[in-house]
Each structure stands twice: as structure tokens, then as C-alpha cells.
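# A structural walkthrough
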Number of protein chains: 2
Amino acid sequence: MEKLKQRILQDGRALDGGILKVDSFLNHQLDPNLMMEIARNFAVRLADKPINKIVTIEASGIAPAVMLGYVMQLPVVFVKKKAPLTMENMLVREVFSFTKNRVYTVSISQDFLTENDHVVFIDDFLANGNAARGIIDLCAQSGSTIEAMGFVIEKGFQKGGDALRAEGYDVVSLAIIDSLENNEIKFRE
Amino acid sequence: MEKLKQRILQDGRALDGGILKVDSFLNHQLDPNLMMEIARNFAVRLADKPINKIVTIEASGIAPAVMLGYVMQLPVVFVKKKAPLTMENMLVREVFSFTKNRVYTVSISQDFLTENDHVVFIDDFLANGNAARGIIDLCAQSGSTIEAMGFVIEKGFQKGGDALRAEGYDVVSLAIIDSLENNEIKFRE
């Protein structure tokens, strides 16, 4: 998605340690028009899939996911990043975050994810893919089917995307970054 | 907002202890069309305010806020509900949650909230108003001006809304609930 890449080059900052700061338009401040264009791009690339539900994860996945829900006219469920107060009717899984070097719990209600659901998982970033692994597990627990995964930005120099594709998942990334070395942003051709 | 009230009556559940469960359309699963209608209602009621920025708080405020940003063509910033890893350039405030009976930290970057900003704060629920108090403090720290606060649902039987109005804040609530007694949802006329 050319406009997204231009925005990343214009407003993103490559920091040491493979960190890409995009908090002026994607994960702290949000540009709603860009979110809508991101949603329209996802919608085009997901058009041939029998998707009936969008699953995302709080907090930065919610904005692109709800816009995609609006464009595709589908409900959105956001997975919570903490242990539920009661386990009643909740599917739960622990996830390790490399970025934050800690374990967190993801959870979703069985009321909103069932064996009848054909899911696209939407998130802002794909890096090592650990959040995606958590979602795969929650979908397996619920009996739902993952039709595709859509990421606004994929860090191609980390191995989450390659591993998911090798396992047969349809991974749609709107911008793939191959290197942040020397604080320079290089996209995959 | 009549459609919202109908939806609350249809899909909401009044639980003991003044709890209103609306997780099928507002704070776990999201109905994007309802989010857009909520945004359009807020936009009409905020039309006479010189607002240049929408501030919300993760996670359930993000969906209505980004839709409002799209309708009003304004940037959205979501306040984070945890202490920042570095304090560099972050405004921080502790907030007590009655619902969860614990203290949490809210934070926002000074890059995205400055003395030039005229803010509407958007959130899913107004109850005791403690999250709103946190936002008021962050805005005061930044020197920005709060023009209005918009809530999808206000629990009128708790005292946050009355107190904020008494202090002169322009509080816009799309549905005000006066009672959940006997597990029955009663709206304010």
C-alpha cells in the first residue's frame, strides 16, 4: 500500500533495536483517514474469502479492525490482553511478548467466537508472531476457522510472517519492512 | 440516541451491583454500523465547538473515537492505561478504578497533546468519572482545553456526570441510565 509506505517514511522513526515508532498515526495518535484507506485495502485483498467475523486485539488493532468491519459490514471482536475476572465462558491463552519481555494473557468470550465463525485476524504489527499464535490458539479452542491474517506493518526481518506463511496461513501485510539497520527504513520490494 | 437505547434494551443485560453488560456490541464485540451512528450523533452535538482533537482511552473508547475522527475529520489520540516504559515526553497520572478496585496509570505523549489543542474526550462509559478526571488532569498538564466530553452510555445513578456538569464541563451522553435496579434498565427521560 503505497500511501502507507509514504506515511511510514514521512512520519515513522527507525530506532535502535529494530524498533519502528509510528505513534503519530498508528498506535498512539491515529489518522482516521489513513485507517479507512487501510481498511479498504484489506477489504480488496480479502474479497475472495468467506469471512464472517473480524478478530483483533487491544489496543492498536481496534482502529483498523473497526474500520474494516464498517467497510466489509462485519462484526468485530477485540481480544482482551488480560485475564478475565471470571473464567465463565472465556477462552484464555498465555502469550509471551518479546517486545515487553513478559507473559500476558489473551482472552475472548465463547459467545463471540464459535465453530461457525470464519475469521480474519487484524493487528497493527506482525513481528515474531506471538500475538498471532495466541489468536490461532483461541480460534482452535473455539472451533472457528482462520481464513486470513491482516497486518498494517510486518517486520519482515523478524520471522513471524515467514513462519505463518510456511504453515499455510494467508498473511496479508500492507507494508513489509526488510530492514531498520542504521536507523533507515527499507521496504521489501 | 434512540437507536442506541433500543440496542441496549435488546442486547444489554443488567446484572447485580449496577453492572450493565453490553459486550455484544460495545466493549468486546463491536457493531461497526452502530459505532458510525454513534459518531454521527456525537458530531451533530459537538458541531458548535472549536474542537481540533479527539482524545480517548484504551480500549473500548477507541472504536467510537476513531469513527468520530473520521466523521469530523480530526486526529484521535488514545491515552494508554499503563505506565510508559520511559517517562520521556509523557504526561502521566494515576487513576483509581471503582469497577476494578485498583489504581492504574494513564499516560499520553506531549507530542500529541499541547496548549494549542481543543479537545473532546470520548469514552464508552461514564460512571464515577474517574477516567474523565485522569483526562482532565492530563489536559491541564499539557495546557490544552477541554471543550466537551462525550460518552456512549452514562450511568446516571452514579455521580460522575452530575459532578462534571456542576463544574461546568459540557457532558454529552448518548444514553443515560437512571436505574438498573431489579435487573431492569431504566433510561432518563
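So, here is what we can say about the structure in this document. Quick caveat: nothing in here was measured; it's all calculated off a predicted structure.

### A few points about the interface of chain B and chain A
Each partner contributes residues to the interface: chain B has 35 residues there, and chain A has 35 residues. Summed over both sides, the interface of chain B with chain A buries roughly 2,900 Å², with 64% coming from carbon and sulfur. Counting the surface chain B buries against chain A, the share from its top three residues, B:H28, B:Y70 and B:F112, is 23%. For the pair chain B and chain A, the number of links is 0 salt bridges. The tally of links between chain B and chain A comes to 14 residue pairs in polar contact (both at pLDDT 80 or more). Contributions of two or more residues to the side of chain B that touches chain A are made by β3 (29-30), α2 (32-45), α3 (62-72), β5 (76-79) and β7 (102-109) of chain B. A per-element tally of the side of chain B that touches chain A places α3(B) first, with 6 residues. Its residues placed into classes, the side of chain B that touches chain A shows 18 nonpolar, 10 polar and 7 charged.

### A short note on the sheet that holds β5(B)
The pairing of strands in a sheet comes from backbone hydrogen bonds and takes either a parallel or an antiparallel form. In space, the 7 strands of this open sheet follow the order β3(A)-β5(B)-β4(B)-β8(B)-β9(B)-β10(B)-β11(B), with mixed pairing throughout. The open sheet terminates on both sides in strands that have one partner only, identified here as β3 (29-30) of chain A together with β11 (186-187) of chain B. Where strand β9 (residues 145-155) of chain B meets strand β10 (residues 171-179) of chain B, 6 bridges bridge the pair, whose relative direction is parallel. The residue of β10(B) that forms the bridge with B:M149 is B:V171. Most of the contacts of helix α4 (residues 130-142) of chain B go to β9(B), to which it runs at about 170 degrees, and overall it touches β4 (53-57), β5, β8 (118-126) and β9 of chain B.

About the cut-offs
- Residues numbered from 1 in each chain as written.
- Chains lettered and ligands numbered in written order.
- Predicted model: local features only at pLDDT ≥ 70, side-chain atom pairs only at ≥ 80, totals over all residues.
- Heavy atoms only, no water.
- Contact = heavy atoms within 4.5 Å.
- Buried area = accessible area lost by both parts, 1.4 Å probe.
- Salt bridge = Lys/Arg side-chain N within 4 Å of Asp/Glu carboxyl O.
- Polar contact = N/O pair within 3.5 Å; in protein donor to acceptor, adjacent residues only side chain to side chain.
- Helix = DSSP H or I, 4+ residues; strand = E, 2+ residues; numbered from the N terminus.
- Nonpolar A, V, L, I, M, F, W, Y, C, P; charged D, E, K, R; others polar.
- Pairing = 2+ DSSP bridges.
- Axes fitted to C-alpha atoms, helices over the stretch in contact; angles between N-to-C directions.

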